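Residue strings, one per chain:
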Amino acid sequence: MKITITLRGTLRKYFGEDRERTVEVPENCTCEEALLAVGMNWKEIKNFGFVAVNSKRVMIHDRLQEGDDLKAYSRLSGG
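Each residue is numbered by its place in its chain's sequence as written, counting from 1. Predicted model: local features are reported for residues with pLDDT of at least 70 only, side-chain atom pairs are reported and counted for 80 or more only, and whole-chain, interface and lining totals are derived from all residues. Water and hydrogen atoms were dropped before computing side-chain values, which therefore reflect all heavy atoms in the structure.

### What to know about the confidence of the model for the protein
Thought 1: Averaged over every residue, the pLDDT of the protein is 93; the share at 70 or more is 96%.
Thought 2: The least confident element of the protein is strand β2 (residues 20-24), whose mean pLDDT is 95; the most confident is strand β4 (residues 56-58), at 98. Every residue gets a pLDDT, meaning the predictor's confidence in that residue, from 0 to 100. Think of it this way: any DSSP run of H or I at least four residues long counts as a helix, any run of E at least two long counts as a strand, and we number them from the N terminus.

Next comes the structure, spelled out in structure tokens:
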């Protein structure tokens, strides 16, 4: 199935010049599995924040469906 992965904040560097990618992932894939499929092990990224699917914040182990828009956000900090 095809989904779109968009990286936000400081995570954008992991896609180089691209802001988003449309990728093919297995049916019933989790957010975590989709990120691993594009080479992002979120557990090893110190500033990884959270994921959202179709503009709704979800858990990393939630399942994706055909056409979903997965966004990964970096942690926010302020002063």
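### Details of the packing of aromatic side chains
Geometry of an aromatic ring pair is reported as the spacing of the ring centres plus the angle between the planes.
Thought 1: The criterion for an aromatic pair is that two Phe, Tyr or Trp rings (for Trp, the six-membered ring) have centres within 6.5 Å, with stacked assigned to planes under 30 degrees apart, edge-to-face to planes over 60 apart and tilted to the rest. Within the structure shown, the criterion is met by 2 aromatic pairs.
Thought 2: Look at Phe 50 and Tyr 73: their rings are 4.7 Å apart centre to centre, the planes differ by 10°, and that puts the pair in the stacked class. Separated by 23 residues along the polypeptide, Phe 50 in strand β3 (residues 48-53) and Tyr 73 in strand β5 (residues 69-74) bring together distant segments of the chain.
Thought 3: Per-residue accessibility, obtained with a 1.4 Å probe over protein chains only, is compared with the maximum for each type, and a residue is labelled buried under 20%, exposed over 50%, and partly exposed between these values. When its relative accessible area of 24% is taken as the criterion, Phe 50 is described as partly exposed.
Thought 4: Given a relative accessible area of 23%, Tyr 73 falls into the partly exposed group.

### Observations regarding the nonpolar core
Thought 1: Ranked by internal contacts, the top residues of the largest apolar core, which has 23 residues, are Ile 5, Leu 35, Val 51 and Leu 70.
Thought 2: Listing elements by their share of this core, those giving two or more residues are β1 (2-7), α1 (31-37), β3 and β5.
Thought 3: Should any heavy atoms of two residues lie within 4.5 Å, those residues are counted as being in contact. When near neighbours in sequence (up to four residues on either side) are disregarded, Val 51 contacts Cys 31, Leu 35, Arg 57, Val 58, Met 59, Ile 60, Leu 70, Lys 71 and Ala 72. Nonpolar cores are built from buried Ala, Val, Leu, Ile, Met, Phe, Trp, Tyr and Cys residues. Side-chain atoms within 4.5 Å join them into one set.

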